[in-house]
Each structure stands twice: as structure tokens, then as C-alpha cells.
Amino acid sequence: MWARHQMESRLPLCHREIIDKVNRLYAQTWEKKEDKFKKFRSELSSKCQGFEKAVITQANTVVGSKIVYDGERKSLVQVTPEMFNTFRKEHPFPNKTWETCAVVGNGGILSDSDCGKMIDSAQFVIRCNLPPLNNGYQDHVGVKTDLVTVNPSILIEKYGALMGRRRPFIESLRSYGNSLLLIPAFSYGHNTPVSLRAFYSIEDFGSPTRAISFNPQYLQKLDVFCSGLMVASLALELCSNVHLFGFWPFSNHPHGLRTLKNHYYDDIQTKKKFHAMSVEFELLLQLHTEGVLRLHLDDCELTLGVPQV
């Protein structure tokens, strides 16, 4: 108790308020509210059209058309035949919904969580920013991957913007098998060249990974409707039951207040402002409270058999 009191006294007030709120919520049994879920997904689908518009395809973006960058609304790029050939012919998602989706963030809350088997039990698993899955992490984060995102800044900082050796980048994709690699190639003008080099590298090396790009039109609509929840919003359109793991932006565990690393695999701080992260988390917490999606902030206790999402 004394140790907990000491940690509480060092927590910023905003952290304590959110942790107290989470603990109050977790004292109640979570239950999906089908009416709230259907209403939210209906609004999301009608305003953002994730099935058809989330990804750039040859069907929705033709040669000669102009793509407006969602992060630089005054900048645009004209689609060349070479660029057009990197687009998928049709959207990559089937015209049906999966029963269960797991969206896996990289928060330190996943360390020693034993959530791997629960995550892998989902029909469709989405991961963020090319996270490591081996070296013991699999017990806590799983290995199944159907879609993984990558921020172009990772391609620049970790893989030298793919200007030299590209094999290390291709080898990093092996963990994800034939999953979709989702790149925001048209968020900012400086992202496009390195993103196209990623597409070409995957093709040149014969990697089974399938590269796709976020459609900036979709991101612009999403920014108006539900700011900051790109991957979770896409999952809500694709899946009947959405479970989120690893989304906890604070440095203390909500249960017990033990100190957490920034990511489950390292303690490197992100450049993203704390305020933005806390606002996004508040939105997720609101959707959890309303029974629209389930936010997992507990360790996943292993029982007889495999725990299911």
C-alpha cells in the first residue's frame, strides 16, 4: 500500500483521473451494446466508406487523377502510369465482415500480459508500425497478422529511406507472412517517394507481403468524423466484434501502477504529443464504455484451453 501511495503521489493529476476512471469502469462487467455498435458503424460506413475508400485502388484512383495529401491539403500529386501500377486492382477486403478483430497497439502495457493466445484467436489481426513478434514477445502479443501498418518515418529512420540495401526491410516483413502492409503513402508529399520504394522492394524481392496505401480521401473524412482512430475505425467497419490491446499511453499500469516502458519492446519515446495520445485514448475509452468496442487493459489470465476474444 505504501509503495502504491508513493507512486500515486508522483503521478500527474490527469493520469490519476484517467486511471481512476478506468478502474471504475473495469469494476463493471463489459457488455457489447448491439444497438450502439450498429449505430456507430452505420454512421462510420456512410460517412467514411472504409470498405470501398480506405485503400487506394485502380478502381477509385485512375491515371491522370490528382491525389490531395490529407496532411497537406494544398498539395497534390498527379497519378502517373508507373504509380498507378502499384495500386491494387480492387479493394483488399471481402464484402463481408469478420466475426472478431484484434487491433494490437505497441504499448508497454502488453509486457508480461500473456495476451498472445487471446490475440491470435481473433479471425483478423491488425498490428501497428512493424512491431517485433519474436524473441519471447509472442507469448504476450501473439504472432498472427493479417494487416500491419508502417509509418514512412520508420522506413526513413530505420531503413535509410530504402536508398541503399533493401534486404533488411524485406527480411523484417517475414514475421508477417502474406499480410497486407498498409502505408500512408499520400499523407505528406515527402512520404510518397519512400513509400513507392517500399512497394517496388516488395515486388523486386518477391515478398508475399501485399503493400497497400491509405486513401487520403478516407483519412480526411475520418478526421472529421472520428479524429485519431484510423486503424480502430477501419476495424469497426470490417468486424462485428473489435478488441483493442496495447492502447495505453501512460507510464504506469492502471492496475497496481507498476512502471511501464513506452513500447512493449523498447522505451524510446514517441514524437507524438502527450495531449494527442490522451485525447485518442479518451475516445477509445468512450467507445468501450458505450459497448461499441472492447479495450483490454488487464493481463490476459491463461485458463484451461485458449482464451478467446
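Note that this is a predicted model, so its numbers are computed, not measured. (Residues numbered from 1 in each chain as written. Predicted model: local features only at pLDDT ≥ 70, side-chain atom pairs only at ≥ 80, totals over all residues. Heavy atoms only, no water.)

Draft legend 1. Spatial organisation of the overall build of the protein chain. Of the regular secondary structure elements, the protein chain holds 13 helices and 9 strands. Each of the 309 residues in the protein chain was classed as buried or not, and the buried ones make up 49%. In the protein chain, of all internal contacts separated by at least 6 residues, the share reaching a separation of at least 24 is 72%. Surface accessibility of the protein chain: about 15400 Å² in total, with carbon and sulfur atoms responsible for 51%. (Helix = DSSP H or I, 4+ residues; strand = E, 2+ residues; numbered from the N terminus. Buried < 20%, exposed > 50% of the residue type's maximum accessible area, 1.4 Å probe, protein only. Contact = heavy atoms within 4.5 Å. Areas by Shrake-Rupley, 256 points an atom, 1.4 Å probe, with all protein chains shown as cover.)

Draft legend 2. Here's a closer look at the packing of aromatic side chains. Evaluation of the coordinates by the stated rule reveals 11 aromatic pairs. Measuring from ring centre to ring centre gives 5.3 Å for Tyr137 and Tyr264, while their planes differ by 70°; the resulting arrangement is edge-to-face. Of this pair, Tyr137 sits in the loop between strand E4 (124–127) and helix H7 (138–141) while Tyr264 sits in the loop between strand E8 (239–245) and helix H13 (274–289), placing them 127 residues apart in sequence. We classify Tyr264 as buried; its relative accessible area is 3%. When the ring of Trp248 is compared with that of Phe281, the centres are 5.1 Å apart and the planes differ by 85°; the resulting orientation is edge-to-face. You can see Trp248 sitting in the loop between E8 and H13 and its partner Phe281 sitting in helix H13, a full 33 residues away along the chain. A single burial state applies to Trp248 and to Phe281, both of which are buried. Here the aromatic residues Tyr69, Phe84, Phe87 and Phe186 are joined through ring pairs into a cluster of three or more. (Phe/Tyr/Trp six-rings, centres within 6.5 Å; stacked < 30°, edge-to-face > 60°.)

Draft legend 3. Representation of the sheet that holds strand E9 (residues 294–296) within the structure. What the 7 strands build is an open sheet, ordered E7-E6-E5-E4-E3-E8-E9; its pairing is parallel. Edge strands, defined here as strands with exactly one partner in the open sheet, are strand E7 (210–213) and E9. The sheet shows a mean angle of 20° between the axes of neighbouring strands, direction not considered. (Pairing = 2+ DSSP bridges. Axes fitted to C-alpha atoms, helices over the stretch in contact; angles between N-to-C directions.)

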